[in-house]
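Coordinate inspection notes
Here's the letter readout for the chains.
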Amino acid sequence: MHQQNPHCINTADIIWQTDDLGQAVPISSMFGDVYFSKTDGLAESRYVFLQHNQLAQRFSTLADYETFTIGEIGFGTGLNILATWQLWQQVRPDNHSRLHIITTEKFPLCQTDLQRALDCWQELTPLAKQLLANYPPPLAGCHRLNFFADRLTLDIWLGDATDSLAQITGNSHINAWFLDGFAPACNHELWAEQLFQQLQRLSGENTTLSTFSVASVVKHGLTHHGFSVKKVKGFGKKREMLTAVFLANIQENLPIELNKKPQYIHKYPRKTKTIQPSFTLPTLSDNTKKLSIAIVGAGVAGLSCAYALAMRGHKITLIDKTAPLAEASGNPRAFLAPKLTSLQRMTTNLHAIGYLAGSRFYQNLAKQSNLAIFQQTGCLDLLSHNRIELSEVNDFPMAFAQLRSATQAENLAGVPTGEAIFLEKAGLIHTQNFAKAVLTEKNIQFIQDELLDFYQQNHHVILNFTHQSHQVFDHVIICTALDTCQFLPNIRPFNYSRGQVSWFAISSNHLLPKLPLKYGGYCTCFDENKQAYFLMGASFVRDTLDTTAKEADHLMNIETLKEAVPELANNLNVSTSWHGRAGLRSQTVDYLPLVGQVGSANSRVWTFSALGSKGYAYAPICSELLAGLICGEILPLGKNMLERLYPNRKSVTKKI
Ligand code: SAM
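Owing to the predicted nature of the structure, the values given are computational and were not obtained by experimental measurement.

This part takes up the overall build of the protein. Counting secondary structure elements, the protein contains 18 helices and 33 strands. For 656 residues, the compact-globule estimate of 2.2 N^0.38 gives 26 Å, and the protein sits close to it at 26 Å. With respect to the principal axes defined by its C-alpha atoms, the protein has extents near 80 × 65 × 40 Å. The burial tally for the protein puts 59% of its 656 residues in the buried class.

Here it is in structure tokens:
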């Protein structure tokens, strides 16, 4: 029998019970408790959580560029969140304020149960639909859902609430808590000292809190951790509930004190004697105003950072010496599929995290821009580069990865592939449409020019270009792949290799795969201007800066395909006219990109670079991280991951 992997997230075991009104309501078989009140769950949610945190009044008075952050224990059916979202739509001011909700869930409902539970609330249907379309598969870690049109970010942390909260960091605190994790009588493990420590760590002055539970363990836990607690009348026939306000400001990490360091002027390139390797949060104080931000490099990194910051209402100038997507990220199609790794390494595997965030991001961008940006084809991983045991595939949720026998895989692919893993959310990105969608955003201006150098002066950065006179910005983000090391001399030179994709027009007499295949390389069909093409990627030639397309690289791509699927490779018509496009992958010694602030905590210089061949997977989540760092938000990745991406980390920096 298959052993349960301790890293698996178990979905909730729901029993549907019919209430007095004939409505089916969800009950947790594990906790023996209801998710929402049988009589009027929505009214109760509004009373306990929205009203007792004074959300209507607090939302409506948010200043421009202010973010209100809510923390929830127990996402459950998402009812509290949807009620909050609806209220936000009704009362939010017409400015650039934002709502950020951070919720935790150890036993997420499966998609079908969630749909059924939310069907109870007709007035929430439009919001429920959006939530369901973005609902993550049950994999541990933070799943960031952005609803940009509503200025709402929802982070769903799957896993134990206390463990999740312990990973959270950022230059902000929770403004209101919803403690909704089943009462201590049926869930005593949750209400431990460590949970209250985290509530304290993440609270700030005047953080409010509400909960159904009036159990003494809750009252005492909160009181001992800086909250002033009050019993108030409960909803309907319920006698009482708890509200609390955080008074003590005994903080560990959050928020950190602002602007303690003296102002300074320095030139880039500059000399530094000591390098601070461990992750430090920025100490910038002007993130509640409209920022003007220069982003240098208009590849996938620069474009996605531009988008993340423009969606927060900031003014972005995107600069490239050539054109958007002129280099490595401009292949006709980018292939989005995860690098499989065992479940216990998933939360530290940026590629898998990025892939999940990316498949949501590109689909939403497509919807919002009305452009064909993402085609969710699914794909088959042919296990050529086996990084996991086949038995481990059964640990993954079906929506993430499913093992297919040789026969099943062949039926899917239309070509013999052998045993393979089906990855449902994989797909193809139309790179030019992606760039077009980003560049039509009103807050983004593209300028073609070459950056010569730049320096920080007090609260600004001054950039010098070849053509324009110098320009002044609040921040600069360097996204120039290999050239990054020229601008940031503390960074060790990246390793690099040429990658070439090869493609040719196809006709119906070719043997073709019905969906993308992933092996040492990858192959896929795609359509462009009513013509079908077959594409293979991507060759690997170390230490060359030559990006002219080469016959030798076409042959390399065919060879790699031949090793994985000989029937397909042998059928290719090598005499047809081939197209090729080569770009340089740049990579750090530890293979992870650089994401964050360069230099000291009050530096206004940032980078997102060295994305290797994983640019389209890394870009959406890393851009959210960078935007969150610049804007002083709670971040979408855990502390350990931030350290591993920190541009000042030892492995990627040098002393000069
Ligand atoms: N807020 C939810 C809603 O709006 O539908 C209802 C939450 S339900 C009352 C309690 C939730 O807490 C359940 O979904 C349960 O799985 C979750 N939970 C229980 N223990 C937990 C823990 N240790 N960490 C995270 N979530 C937990």
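A separate point is the sheet that holds strand β16 (residues 374-375). The pairing of strands in a sheet happens through backbone hydrogen bonds and is either parallel or antiparallel. Taken in spatial order, the three strands make up an open sheet running β15-β20-β16, and their pairing is antiparallel. Two strands bound the open sheet, and with one partner strand each, they are β15 (333-336) and β16. Relative to strand β20 (residues 427-430), β15 is paired through four bridges, and the arrangement is antiparallel. By the bridge assignment, phenylalanine 335 is partnered in β20 with leucine 428.

Before going further, it helps to spend a moment on the pattern of salt bridges. Tallied over the entire structure, the rule returns 19 salt bridges. Linking arginine 239 and glutamate 240 is a salt bridge whose minimum nitrogen-to-oxygen distance equals 3.9 Å. The class of arginine 239 is exposed, set by a relative accessible area of 68%. Its relative accessible area of 25% is what places glutamate 240 among the partly exposed residues. Close ionic contact of arginine 498 with aspartate 553 constitutes a salt bridge, the shortest N to O distance being 2.7 Å.

To continue, consider the pairing of strand β7 (residues 152-158). The element β7 is largely enclosed, with a buried count of seven among its seven residues. In β7, alternate side chains face the same way, and those of Leu152, Leu154, Ile156 and Leu158 on one face and Thr153, Asp155 and Trp157 on the other are all buried. Relative to β7, strand β6 (residues 141-147) runs antiparallel, the two sharing seven bridges. Residue pairing across strands places leucine 145 opposite leucine 154, the latter belonging to β7. Counting the residues in the hairpin turn of β6 and β7 gives four residues, including arginine 151, whose phi is positive at 55°.

A few words on the site of the ligand. Among the 21 residues in the neighbourhood of the ligand, the closest are listed as Gly74, Thr77, Glu105, Asp160 and Asp180. Between the ligand and glutamate 72, the relevant distance is 3.1 Å, taken from a nitrogen atom to a side-chain nitrogen or oxygen of the residue. Within the side chain of asparagine 187, one N or O atom sits 2.9 Å away from a nitrogen atom of the ligand. For the ligand, the accessible surface in isolation is 600 Å², of which the surrounding protein chains cover 97%. Residue composition of the shell around the ligand, grouped by class: eight nonpolar, eight polar and five charged.

Examined against the element boundaries, alanine 619 turns out to sit in helix α17 (residues 615-631). Spatially, the C-alpha atom of alanine 619 lies 15 Å from that of glutamine 587, the residues being 32 residues apart in sequence. Setting aside chain neighbours within four positions, we find alanine 619 in contact with Val300, Ser304, Tyr362 and Phe608.

Our focus in this paragraph is unusual backbone geometry. Look at glutamine 54: it is not a glycine, yet its phi comes out positive at around 50°. With respect to the helices, strands and loops of the structure, glutamine 54 is situated in the loop between α1 (41-50) and α2 (55-60). Under the relative-accessibility criterion, glutamine 54 is labelled partly exposed at 38%. The phi torsion at asparagine 370 lies on the positive side, around 60°, for a residue other than glycine. Looking at the secondary structure, you find asparagine 370 in the loop between α10 (350-369) and β16. Since its relative accessible area comes to 72%, asparagine 370 is described here as exposed.

Within soluble globular proteins, side chains that are nonpolar generally end up buried alongside one another. Counting 90 residues, the largest nonpolar core has Ile295, Tyr362, Phe434 and Phe608 as its most contacted members. Considering every element that reaches this core, the biggest residue donor is α17, with 12 residues. Those residues in contact with isoleucine 295, other than ones at most four positions away along the chain, are Gly302, Cys305, Ala306, Leu309, Ile316, Thr317, Leu318, Ile319, Ile477 and Cys479.

Spatial ordering of the open sheet is given by β21-β14-β13-β25-β33-β32, a layout of six strands whose pairing is mixed. Each edge of the sheet is formed by a strand with only one pairing partner; in this case those strands are β21 (444-448) and β32 (594-597). The mean inter-strand angle of the sheet, taken between neighbouring strand axes irrespective of direction, is 20°. Alignment of β32 against strand β33 (residues 605-609), held across four bridges, turns out to be antiparallel. Bridge pairing in β33 places glutamine 597 opposite tryptophan 606. Relative to β33, α17 is tilted by about 170°, and along the sheet it contacts β13 (292-296), β25 (475-478), β32 and β33.

Along the chain, threonine 480 turns up in the loop between β25 and α14 (484-487). When residues no more than four places from it in sequence are discounted, the contact partners of threonine 480 are Val296, Gly297 and Phe487.

What follows covers the packing of helix α3 (residues 79-91) against helix α5 (residues 125-134). Packed helices, taken two at a time, are described by their axes: the angle between them and the distance between them. At a minimum axis separation of 10 Å, α3 and α5 run at an interaxial angle of 120°. As summarised for this structure, α3 and α5 are arranged oblique, according to the angle between their axes. The handedness of the crossing between α3 and α5 comes out as right-handed. From α3, Leu82, Trp85, Gln86 and Gln89 reach across to α5, where they touch Leu127, Ala128, Gln130 and Leu131.

Counting across every chain of the model gives zero disulfides. With no disulfide of its own, cysteine 110 lies 14 Å from the sulfur of cysteine 120, the closest cysteine sulfur. Left without a disulfide partner, cysteine 523 is nearest to the cysteine sulfur of cysteine 525, which lies 7.5 Å away. What makes cysteine 523 buried here is its relative accessible area of 0%.

A word on α1. Of all 10 residues in α1, eight are buried, a share of seventy percent or more. Looking at the buried side of α1, the elements it contacts are α2, α3, β8 (174-179), β9 (203-211), β10 (227-233) and β11 (240-246).

The next subject is the pairing of strand β22 (residues 451-457). Relative to strand β23 (residues 460-465), β22 is paired through six bridges, and the arrangement is antiparallel. The residue of β23 that forms the bridge with glutamine 457 is histidine 460.

Below, the discussion takes up the side chain of threonine 208. Here threonine 208 shows up in strand β9. Classification of threonine 208 by relative accessible area gives buried; the value is 7%. Here the side chain of threonine 208 touches asparagine 53 through a polar contact of 2.6 Å, side chain to side chain. Only 2.7 Å separates the side chain of threonine 208 from the side chain of arginine 58, close enough to count as a polar contact.

Below, the discussion takes up the packing of aromatic side chains. Throughout the structure, instances matching the rule amount to 28 aromatic pairs. Between phenylalanine 49 and phenylalanine 212, the ring centres sit 5.5 Å apart and the planes meet at 80°, which makes this aromatic pair edge-to-face. Within this pair, whereas phenylalanine 49 is found in helix α1, its partner phenylalanine 212 is found in the loop between β9 and α8 (216-223), the two being separated by 163 residues in sequence. For phenylalanine 49, a relative accessible area of 0% translates into the label buried. Through successive ring pairs, a cluster of aromatic residues spans Phe148, Tyr307, Phe361, Tyr362, Phe374, Phe434 and Tyr616. Above the face of the tryptophan 16 ring, arginine 116 is positioned so that its terminal group lies 4.3 Å from the ring centre.

The rules behind the values
- Residues numbered from 1 in each chain as written.
- Predicted model: local features only at pLDDT ≥ 70, side-chain atom pairs only at ≥ 80, totals over all residues.
- Heavy atoms only, no water.
- Helix = DSSP H or I, 4+ residues; strand = E, 2+ residues; numbered from the N terminus.
- Rg over C-alpha atoms; globule rule 2.2 N^0.38 Å.
- Buried < 20%, exposed > 50% of the residue type's maximum accessible area, 1.4 Å probe, protein only.
- Pairing = 2+ DSSP bridges.
- Salt bridge = Lys/Arg side-chain N within 4 Å of Asp/Glu carboxyl O.
- Near = heavy atom within 4 Å.
- Polar contact = N/O pair within 3.5 Å; in protein donor to acceptor, adjacent residues only side chain to side chain.
- Areas by Shrake-Rupley, 256 points an atom, 1.4 Å probe, with all protein chains shown as cover.
- Nonpolar A, V, L, I, M, F, W, Y, C, P; charged D, E, K, R; others polar.
- Contact = heavy atoms within 4.5 Å.
- Core = buried A, V, L, I, M, F, W, Y, C linked by side-chain atoms within 4.5 Å.
- Axes fitted to C-alpha atoms, helices over the stretch in contact; angles between N-to-C directions.
- Parallel < 35°, antiparallel > 145°, perpendicular 65-115°, else oblique.
- Left-handed = near helix turned anticlockwise from the far one by under 90°.
- Disulfide = S-S within 2.5 Å.
- Phe/Tyr/Trp six-rings, centres within 6.5 Å; stacked < 30°, edge-to-face > 60°.
- Lys NZ or Arg CZ within 6 Å of the ring centre and 35° of its normal.

Without other data, these values stay purely geometric and don't point to any function.
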